[in-house]
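# Reading the structure
Each chain, written out:
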Amino acid sequence: HSDLGEVAPEIKASERRTAVAIADLEWREMEGDDCEFRYGDGTNEAQDNDFPTVERSRLQEMLSLLGLETYQVQKLSLQDSLQISFDSMKNWAPQVPKDLPWNFLRKLQALNADARNTTMVLDVLPDARPVEKESQMEEEIIYWDPADDLAADIYSFSELPTPDTPVNPLDLLCALLISSDSFLQQEIVLKMALCQFALPLVLPDSENHYHTFLLWAMRGIVRTWWSQPPRGVGSFREDSVVLSRAPAFAFVRMDVSSNSKSQLLNAVLSPGHRQRDCFWHRDLNLGTNAREISDGLVEISWFFPSGREDLDIFPEPVTFLNLRGDIGSHWLQFKLLTEISSAVFILTDNISKKEYKLLYSMKESTTKYYFILSPYRGKRNTNLRFLNKLIPVLKIDHSHVLVKVSSTDSDSFVKRIRAIVGNVLRAPCRRVSVEDMAHAARKLGLKVDEDCEECQKAKDRMERITRKIKDSDAYRRDELRLQGDPWRKAAQVEKEFCQLQWAVDPPEKHRAELRRRLLELRMQQNSHDPSSGVQEFILGISSPSLSEKQYFLRWMEWGLARVAQPRLRQPPETLLTLRPKHGGTTDLGEPLWPEPLGVEHFLREMGQFYEAESCLVEAGRLPAGQRRFAHFPGLASELLLTGLPLELIDGSTLSMPIRWVTGLLKELHVRLERRSRLVVLSTIGVPGTGKSTLLNTMFGLRFATGKSCSPRGAFMQLITVAEGFSQDLGCDHILVIDSGGLIGGALTSAGDRFELEASLATLLMGLSNVTVISLAETKDIPAAILHAFLRLEKTGHMPNYQFVYQNLHDVSVPGPRPRDKRQLLDPPGDLSRAAAQMEKQSDGFRALAGLAFCDPEKQHIWHIPGLWHGAPPMAAVSLAYSEAIFELKRCLLENIRNGLSNQNKNIQQLIELVRRL
């Protein structure tokens, strides 16, 4: 009992009592002279007291080797990992061990399927001695006889890396996660999910004997799937993997196994002959290298049905779990798996007396157990004797014992495993979510990453807001009162007033009338006080703790997503039908698709309070000393600096709140001080062409993707350039603007809608140094963008343009041929004439290639392969897509570096440009 208290001193008293009770129970049940109780970190009371010191040394040596020891107090942050540096412009290979974490992060940010691969040879560590390995064993662990010299055996247990032994990718992952803060951990896990890698669920920490269940790190993962059959609207599902319940199947190793768990799991998850390397295994690059700190890691992956009978292995979502290492050394993790799984598959060659007693202690478990044996490698008769004893204890029969030897047909064996899983699914079985798993982990004394005080305080604040939201539309109408009609009318008046400034002789009477109407609307807005929900939101983003503020914003994103209107949870094909048809007059406030309630709505409300107050101060209707909301832009600028995308163009009115935006930029200028040189990079194109995904993959940004969750406005996010690279690149920050759903592809006959889209395209392109124009087809240049080109030519401002043709369907379709590229820049004749006529250009409309200074042979046009390799939802991101995005990124940064993006701006110049445009 005292040992357990020393091993986990930070466990709450109630949790420690639970863990002690478990220890007592297991100790009593495993009687015998040679029995040992192993704690979750693999230690036992029979071992020498110096053993934990050796383990600590191993972890610290690994962190030191990878250059991560400096991040044990001040953790590596998400913003640190996203900085633009020299390495951002080259496809570099690791040269020294300290390059490995950064190389992994760069590749993972770019959704590169090879992120786990590295071939670097490491330097020799002090006192490291080579150790003989069994290449046929999946788990590189050497056991010792208690009668031998214990100290010698410990030091030969698992030597640290030698020149011929690079770091195992699982060790690299564990070291990086241990060194990262909660938000970088979350980003790493999210990107791994997009790459279809198995995800870390329980992170071992042999240094502190305090394993961590990664619940928070999983929070951001949302998956979609189809129920089968039928494939109708009602069969489409979208949910967080943390909240959705599914049967779980665990695969573990007992002692030694000739068969690889990870390879078997990959085979079970792979449809047909298309092998998926979800779980890292010994036949992959570096797969046979000994693991130093990752034994005890529990990984998780899922199968999700696509609705296609030829691809769907199972008719419903299924969870698969994989424990790295021997269950005898990681008893706590094995105990957790038995409590959350519907069935556990145990791979082993030998069942000895010790393993028998371990399994005997699970006699009260309701989990189904299956054994996968390789008897020719072990003691066949001994295995049978112990299996016969275990059959009544574990409530199994001979069908629960499978034999796999080298002559066994692999395909048939995999089908048998799938059949077992299918039989369990058809019967009543346990279904658990990741949240349920975390609850079981707490009871066993594991640390859950989400249980820290700052995270829980932020969650409580979010719940105080969201519990009042019964209907999103009603909440917006009743609680976010400054939006809707008041803001829409004010935006229209301000637009008319702005247009009068450019008139030759504007009638003063009309000007005065517009000013009067605007002041009335602003006074009406200013008469309101922020609602209780908005006040709670303001308190959340005003927290002096940066971590608590970030936790709160993430919780708000997920909490609001949970209360989203049910009509938004529809398949993409259905959402396309919600877009209004082109032609005729259209209400400019009418959404292109239902807009879910999000964080941006609370920030819009803050912006409107600031706008109304500022307008009244400017007009002399309110003394400056009576301002209540002057600090709002400062709060928003801090959010921008922490990596939150902020709205530049309001998606509800399709207008820019000019005082709010300029106030925010002024506060940003104050906070950045001397590092305020900017390059503005924007992307425009019709919805559904992959603009946001492209930016997120290129720079690791957080723009919303998918029509069912994307807000309609244009958003901006700030990227920091490393100080050592800013002089060379010519800027301190890159401001990235995502046009979202602003450019809907309205035709020139669509009246006000088209004029609005053309104006918005002109504004976004006019603010930019670099513009990426995303196209779905080689001739699909929206008319609004063509008009923006003409208007910008008059101003003399021509940003650097990159046309990106994204293949949204088949990865195998080749890129456009040179003549196709020329056609891409040569819009159809009818559209050319219409554009020239509307812009009143007497010389007609010239080819876009001449207008935009685009040479088709000089890489102004890019073909990006399809995003997915395979059929979603089980598809991984295509390696070709990732590589093409990296080349585009390199080209954009090279253009900025060489000054091809026109003169870079500081923030004050950007503010003036915003006002002028």
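This is a predicted model, so every value here is computed, not measured.

### Quick word on the overall build of the protein chain
Regarding its fold elements, the protein chain presents 33 helices and 21 strands. Split into buried and exposed, the 917 residues of the protein chain put 60% on the buried side. Of the contacts formed within the protein chain by residues at least 6 apart in sequence, a portion of 77% connects residues at least 24 apart. Surface exposure of the protein chain reaches about 37800 Å², of which carbon and sulfur atoms provide 50%.

### So, the confidence of the model for the protein chain
Within the protein chain, residue pLDDT values average 80, and 75% of them lie at 70 or more. This model gives residues 1-55 a pLDDT under 50, and the stretch forms 78 contacts once residues within four places in sequence are excluded. Counting contacts from residues 565-593, a segment whose pLDDT is below 50, to residues more than four positions away or on other chains yields 64 contacts.

### Quick notes on helix α17 (residues 485-500)
Look at α17: 23 Å from first C-alpha to last across 16 residues, which is about the 22 Å you get at 1.5 Å a residue. Along α17, the positions that sit buried rather than exposed are P486, W487, A490, A491, V493, E494, F497 and L500. Of the surrounding elements, those touching the buried residues of α17 are α18 (508-526), α22 (599-618) and α24 (658-672).

### Some remarks on the side chain of S180
Turning to its location among the elements, S180 is positioned in the loop between α7 (169-178) and α8 (182-194). Among the polar contacts made by the side chain of S180, one reaches the main-chain carbonyl oxygen of L176 at a distance of 2.6 Å. Setting aside chain neighbours within four positions, we find S180 in contact with K75, L76, Q185 and I188.

### Examining the sheet that holds strand β10 (residues 401-403)
The mixed open sheet is built from 9 strands, whose spatial order is β10-β9-β8-β5-β7-β6-β1-β2-β11. Looking at the sheet topology across the chains shown, the edges are occupied by β10 and β11 (447-448). The pairing of strand β8 (residues 343-348) with strand β9 (residues 368-373) spans 6 bridges and is classified as parallel. For A343, the partnering residue across the bridge sits in β9 and is K368. Of the strands in this sheet, β1 (199-203), β2 (212-213), β5 (248-253), β6 (298-303), β7 (318-326), β8 and β9 are in contact with helix α10 (residues 331-340), which crosses β7 at around 160 degrees. Across the sheet, helix α12 (residues 380-394) is in contact with β9 and β10; its angle to β9 comes to roughly 160 degrees.

### Structural notes on the environment of I734
By the secondary structure assignment, I734 is in strand β15 (residues 733-738). Here I734 is in contact with I84, V679, L681, Q717, L718, I719, V721, L893 and I896, once residues within four sequence places are set aside.

### Digging into empty space enclosed by the protein
Under the defined criterion, the tally for this structure stands at 15 cavities of 30 Å³ or more. Counted as a void, the second largest cavity has a volume near 120 Å³. Around the second largest cavity, the lining residues are L603, R604, G607, Q608, A636, L646, E647, L648, D650, P657, W660 and L664. For the lining of the second largest cavity, the secondary structure elements donating two or more residues are α22, β12 (646-649) and α24. For the lining of the second largest cavity, the element with the highest residue contribution is α22, accounting for 4 residues.

### Some remarks on the packing of aromatic side chains
Overall, the coordinates contain 25 aromatic pairs when judged by the stated rule. Residues F314 and F320 carry aromatic rings whose centres are separated by 6.2 Å and whose planes lie at 40 degrees to one another, so their mutual orientation is tilted. Residue F314 shares its accessibility class with F320, and that shared class is buried. The interplanar angle of 55 degrees and the centroid separation of 5.7 Å between the aromatic rings of F537 and F552 together place this pair among those described as tilted. Here the residue F537 occupies a position in helix α19 (residues 532-541), and F552 occupies one in helix α20 (residues 546-562), the gap between them amounting to 15 residues. Note on F552: relative accessible area 1%, which makes it buried.

### Observations regarding the pattern of salt bridges
This model, assessed by the stated rule, comprises 41 salt bridges. Notably, a salt bridge pairs R237 with D239, separated by 3.9 Å at the nearest N-O pair. Judged by its relative accessible area of 10%, D239 is buried. E667 serves as the salt-bridge partner of R671, at 2.7 Å between the closest nitrogen and oxygen. Residue R671 and its partner E667 are both found in helix α24; the two are separated by 4 residues, about one turn of the helix. By relative accessible area, R671 is classed as partly exposed at 32%.

Definitions and cut-offs
Residues numbered from 1 in each chain as written. Predicted model: local features only at pLDDT ≥ 70, side-chain atom pairs only at ≥ 80, totals over all residues. Heavy atoms only, no water. Helix = DSSP H or I, 4+ residues; strand = E, 2+ residues; numbered from the N terminus. Buried < 20%, exposed > 50% of the residue type's maximum accessible area, 1.4 Å probe, protein only. Contact = heavy atoms within 4.5 Å. Areas by Shrake-Rupley, 256 points an atom, 1.4 Å probe, with all protein chains shown as cover. pLDDT = per-residue confidence, 0-100. Expected span 1.5 Å × (residues − 1). Polar contact = N/O pair within 3.5 Å; in protein donor to acceptor, adjacent residues only side chain to side chain. Pairing = 2+ DSSP bridges. Axes fitted to C-alpha atoms, helices over the stretch in contact; angles between N-to-C directions. 1 Å grid on protein atoms, 1.4 Å probe; cavity = no way out; pocket = protein on both sides within 12 Å on 5 of 7 lines; lining within 4 Å. Points joined across faces, edges and corners; volume = space filled by probe spheres on them. Phe/Tyr/Trp six-rings, centres within 6.5 Å; stacked < 30°, edge-to-face > 60°. Salt bridge = Lys/Arg side-chain N within 4 Å of Asp/Glu carboxyl O.

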